[in-house]
Amino acid sequence: MEVTGGVDGVYSHEEPLLQNIITDKYIQGMVNYKGEKFTMNNGEFGGWKSASRVLVIDCVDAFVFFGILSNLISYLTNQFGQSTATAAQNVNIWVGVVFMLPLLIGFVADSYLGRFRIVLVSSCFCILRFAFFFFSLYLVAIGAAGFATCAPAFGADQFDGQNPNEIKSKSSFFNWWQIGISVGGTAANTILNYIQDNLGWGLGFGILCISTAVALIVFLSGIKTYRYSVIDEARENPLLGVTEVLVADAKNWRITSSSNTSKDEAVEAFAGNSNAKVEEANSLLRLFPLWIICLIYPVVIAQNMTLFTKQSSTMDRSIGLKFQIPAASLQLFIGLSIILFAAVYDRLFVPLARVFTGRPNGITMLQRIGTGIFFTAISMVIAAVVEDKRLKTAIDFGLLDPPNKTVPMSVWWLIPQYVVSGLAIAFTSIGLQEFFYDQVPNGLKSMGLALNTSVFGVGNFASGFLISTVQKVTSADGQYGWFADNLNRAHLDYFYWLLAGLSTLELFAFLCYSKTYLYRREASI
């Protein structure tokens with residue numbers, strides 16, 4: 001069958017009308033570096049050639065961030081003489097700040113500066129931040145916040161969500177984003193931790209600074225190929241519009257609940273809010289139940305960088321006669337696990353699942369998140385069992401009171417909990433990032449990702465608060481407490497069991513939520 005029209009007068013059955021309409025269509029809300037619109041079939045802008053440059057700064061940012069975070073608890077306990085509980089709280093608070101700042105930066109990006117400018121400014125902050133240690137930690141927070149909100153959103157912007165061929169690439173991008181983080185984190189856990197422990201922190205910071213400068217150069221090299229989101233200056237600030245709707249809702253509820261007012265007054269209180277504003281407000285409000293439910297997940301993940309490291313520092317870390325693995329370097333197994341499972345998920349699982357489900361992503365984003373929450377609970381069960389064995393080994397060898405003595409138990413016992421934790425991250429962290437990007441309107445993409453990172457921010461604050469509270473309760477009446485500085489007198493195993501129980505409750509609440517959630521119409525589930 002032939003249809004008249006088109007450049008050559010006809011469209012054959014091999015070139016459907018819909019396909020030609022799609023390929024000749026401008027990509028909505030996107031321009032090139034000259035500020036000009038371009039069509040979907042223009043391969044000069046966006047795509048993997050542009051997104052790959054964003055992945056480079058993602059990898060280096062992870063190298064910098066984990067280069068500080070992975071060994072920070074050891075630095076605070078060994079160099080500053082802080083207790084295990086205090087050091088863990090300080091790490092959790094700092095990480096919490098890192099993940100909460102994106103809420104502010106996401107608002108600025110979506111409303112005023114745009115994602116490209118935020119990524120650029122964040123890179124400059126990363127270079128400047130190494131001048132002073134504690135001051136630099138919070139410059140890290142500012143730089144990391146810019147990356148967390150805008151870099152993944154800017155990278156995903158290089159693929160059009162309305163183009164069937166690019167929808168798959170957009171979903172795949174988030175898998176490779178997490179792989180990039182894991183590559184950077186693994187490099188930090190191996191190379192950088194060794195340098196910090198043996199050659200000095202000054203050299204370690206210098207390497208981080210140079211790496212960031214190189215990443216900035218790579219990022220800037222793609223200016224002419226990027227797709228840039230357009231900020232409509234004539235349009236009202238989307239976040240302010242959402243706030244306006246929420247205020248109107250509150251007034252509406254107050255008016256209708258009062259017996260002295262009429263329904264006409266309620267309608268008047270809500271007047272002026274367009275359907276677009278209401279939709280944007282509803283899209284954010286529907287995410288908050290998931291935001292609350294998932295707060296347990298980052299509490300569990302926070303232990304990877306703190307208590308897991310202190311746990312490994314008491315065990316036999318020797319390889320051969322002379323070499324000893326840095327305690328923080330065990331975290332590389334999380335990175336390796338994420339790299340392996342994310343790659344297998346992207347290249348094997350998704351294409352196979354696509355055959356059965358017909359979905360571009362293989363399974364839904366919520367199914368992916370729920371699977372990761374399940375593995376999070378399993379990782380805590382494994383950690384509790386291994387810690388119980390470590391404590392029994394310390395008792396058997398009479399090592400309860402000399403805390404600096406190495407417990408004759410190989411550190412390789414910890415590998416399963418690290419690997420399963422990495423598997424959980426490959427499912428839940430990537431799923432959450434994609435979900436919070438995909439389920440908000442175009443004008444709120446950075447804010448959506450900021451909401452995602454704020455889950456981890458509040459979760460790390462909650463972890464610090466939980467550790468502090470548990471230590472006060474369990475150390476009453478002169479007891480050592482679950483987080484005693486002498487880990488052989490502590491009970492990290494009890495804490496891990498507590499987190500396993502909380503993760504189980506989280507999974508149950510998540511399943512109830514996911515059964516009732518309706519995806520946005522234009523989203524790719």
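Note that the structure is predicted; figures quoted are calculated from it, not measured.

Help me understand empty space enclosed by the protein in this model?
Unoccupied space between atoms shows up once a probe the size of one water molecule is rolled over them. Inspection of every chain in the model, using the stated rule, returns three cavities of 30 Å³ or more. Each pocket or cavity is described by its volume, and for the largest cavity that value is around 810 Å³. Mapped onto the lining of the largest cavity, the elements with two or more residues apiece are α2 (48-78), α3 (84-100), α6 (133-156), α7 (164-198), α13 (296-301), α15 (332-357), α17 (415-438) and α18 (445-474). Ranked by residues supplied to the lining of the largest cavity, first place goes to α7 with seven residues. Looking at the lining of the largest cavity residue by residue, the classes come out as 25 nonpolar, 15 polar and two charged. Residue lining of the second largest cavity: 10 residues in total, with Ile57, Val60, Phe147, Thr212 and Ala215 positioned closest to the centre. Taken together, the elements giving at least two residues each to the lining of the second largest cavity come down to α2, α5 (115-128) and α8 (201-220). For the lining of the second largest cavity, the element with the highest residue contribution is α2, accounting for four residues.

Help me understand the packing of α2 against α3, please; the structure alone is not making it clear to me.
Relative placement of two packed helices is described by the angle separating their axes and the distance separating the axes. Look at α2 against α3: their axes get within 8 Å of each other, and the N-to-C directions meet at 155°. Considered as vectors, α2 and α3 are oriented roughly antiparallel to each other. Crossing geometry of α2 relative to α3 is assigned as right-handed. The segment α2 lies against α3, with Phe65, Ile68, Leu69, Leu72, Ile73, Leu76 and Thr77 engaging Thr84, Ala87, Ala88, Asn90, Val91, Trp94, Val95 and Val98. Broken down by class, the residue content of the contact of α2 with α3 amounts to 12 nonpolar, three polar and no charged.

Help me understand helix α16 (residues 365-396) in this model?
Each full turn of the α-helix corresponds to 3.6 residues, which orients residues three or four apart in the same direction. Relative to the 46 Å expected for 32 residues at 1.5 Å per residue, α16 spans 47 Å between its end C-alpha atoms, a close match to the ideal helical length. Gly398 sits one or two residues past α16 and shows a positive phi near 65°.

Whenever I open this one, a nonpolar patch on the surface confuses me. Can you help?
A surface patch of nonpolar side chains, about 380 Å² in accessible area, is lined by Tyr194, Ile319, Phe323 and Trp412. Of note, Trp412 is situated in the loop between β8 (407-410) and α17. Trp412 sits in the partly exposed class, given a relative accessible area of 38%.

I tried to follow the environment of Arg227 on my own but got confused; where do I start?
Note that Arg227 resides in the loop between α8 and β4 (228-229). Residue Arg227 is classed as buried on the basis of its relative accessible area, which comes to 2%. Along the sequence, Arg227 and Tyr33 sit 194 residues apart, while their C-alpha atoms lie 7.4 Å from each other. One polar contact links the side chain of Arg227 to the main-chain carbonyl oxygen of Phe45, over a distance of 3.1 Å.

How should I be thinking about the environment of Ile105 in this particular structure?
The residue Ile105 is located in helix α4 (residues 102-113) in this model. Residue Ile105 is classed as buried on the basis of its relative accessible area of 13%. Each C-alpha atom, one on Ile105 and one on Ala145, is 7.0 Å from the other, the two residues being 40 residues apart in sequence. Excluding its chain neighbours within four sequence positions, the residues that come into contact with Ile105 are Ile118, Ile142, Ala145, Gly146 and Thr149.

In this structure, what is going on with unusual backbone geometry? I would like to understand it.
A positive phi angle, near 60°, is found at Asp477, a position not held by glycine. Considering the arrangement of structural elements, one finds Asp477 in the loop between α18 and α19 (492-516).

It is not clear to me how the pairing of β8 should be interpreted in this structure. Could you clarify?
Every other side chain in a regular strand lies on the same face of the sheet, so the side chains alternate between the two faces. Residues Val407 and Met409 line the buried face of β8, whereas the alternating positions Pro408 and Ser410 sit on a face that is not buried. Alignment of strand β5 (residues 315-316) against β8, held across two bridges, turns out to be parallel. Considered in β8, the bridge of Met315 is made with Val407.

Can you help me understand the layout of surface pockets in this one?
As a volume, the second largest pocket reaches approximately 780 Å³. Surrounding the second largest pocket, 32 residues form its lining, Ser74, Asn78, Lys310, Ser313 and Arg317 being those nearest its centre. Looking at the lining of the second largest pocket, the elements that each hand over two or more residues are α2, α7, α14 (307-313) and β7 (323-324). Among the elements that make up the lining of the second largest pocket, the one with the highest residue count is α2 (five residues). Of the residues belonging to the lining of the second largest pocket, the class tally is 10 nonpolar, 17 polar and five charged.

Sorry, what's going on with the packing of aromatic side chains here?
Here a ring pair, both rings aromatic, is described through the centre-centre distance and the interplanar angle of the planes. Considering all chains together, one arrives at 30 aromatic pairs under this definition. Ring centres of Trp48 and Phe173 lie 6.4 Å apart, and the angle between their planes is 45°; this geometry places the pair in the tilted category. One end of the pair, Trp48, is in helix α2; the other, Phe173, is in helix α7, and 125 residues separate them in sequence. Through a chain of ring-to-ring contacts, the aromatic side chains of Trp48, Phe159, Phe173, Phe174, Trp177 and Tyr437 assemble into a single cluster. We note Arg368 situated over the ring of Tyr345; from NZ or CZ to the ring centre the distance is 3.8 Å.

Sorry if this is basic, but what is going on with the packing of α16 against α19 here?
Relative to each other, α16 and α19 sit at 165°, their axes nearing to 8 Å. Classified by the interaxial angle, the pair formed by α16 and α19 is roughly antiparallel. Handedness of the crossing formed by α16 with α19: left-handed. Grouping the constituent residues of the contact of α16 with α19 by class yields 19 nonpolar, five polar and four charged.

When you look at the confidence of the model for the protein in this model, what are you seeing that I'm missing?
Keep in mind that low pLDDT regions are not for reading the predicted coordinates in detail. Here the protein averages 79 in pLDDT, while 81% of its residues score no lower than 70. Scored below 50 in pLDDT, residues 1-23 shows 20 contacts in the model against residues more than four places distant or in partner chains. Within the model, the stretch residues 266-271 combines pLDDT values under 50 with 10 contacts to residues more than four positions away or in other chains.

Quick question: what am I supposed to make of the pattern of salt bridges here?
Pairing of side chains with opposite charge becomes possible as their charged atoms draw close. Overall, the coordinates contain four salt bridges when judged by the stated rule. Between Glu387 and Arg390 there is a salt bridge, with the nearest N and O atoms lying 2.9 Å from each other. With Glu387 and Arg390 both in helix α16, this residue pair falls three residues apart, about one helical turn. By relative accessible area, which is 0% here, Glu387 ends up buried.

About the cut-offs
Residues numbered from 1 in each chain as written. Predicted model: local features only at pLDDT ≥ 70, side-chain atom pairs only at ≥ 80, totals over all residues. Heavy atoms only, no water. 1 Å grid on protein atoms, 1.4 Å probe; cavity = no way out; pocket = protein on both sides within 12 Å on 5 of 7 lines; lining within 4 Å. Points joined across faces, edges and corners; volume = space filled by probe spheres on them. Helix = DSSP H or I, 4+ residues; strand = E, 2+ residues; numbered from the N terminus. Nonpolar A, V, L, I, M, F, W, Y, C, P; charged D, E, K, R; others polar. Axes fitted to C-alpha atoms, helices over the stretch in contact; angles between N-to-C directions. Parallel < 35°, antiparallel > 145°, perpendicular 65-115°, else oblique. Left-handed = near helix turned anticlockwise from the far one by under 90°. Contact = heavy atoms within 4.5 Å. Expected span 1.5 Å × (residues − 1). Patch = residues over 30% accessible without salt bridge, like charges linked within 9 Å, V, L, I, M, F, W, Y side chains within 5 Å. Areas by Shrake-Rupley, 256 points an atom, 1.4 Å probe, with all protein chains shown as cover. Salt bridge = Lys/Arg side-chain N within 4 Å of Asp/Glu carboxyl O. Buried < 20%, exposed > 50% of the residue type's maximum accessible area, 1.4 Å probe, protein only. Polar contact = N/O pair within 3.5 Å; in protein donor to acceptor, adjacent residues only side chain to side chain. Pairing = 2+ DSSP bridges. Phe/Tyr/Trp six-rings, centres within 6.5 Å; stacked < 30°, edge-to-face > 60°. Lys NZ or Arg CZ within 6 Å of the ring centre and 35° of its normal. pLDDT = per-residue confidence, 0-100.

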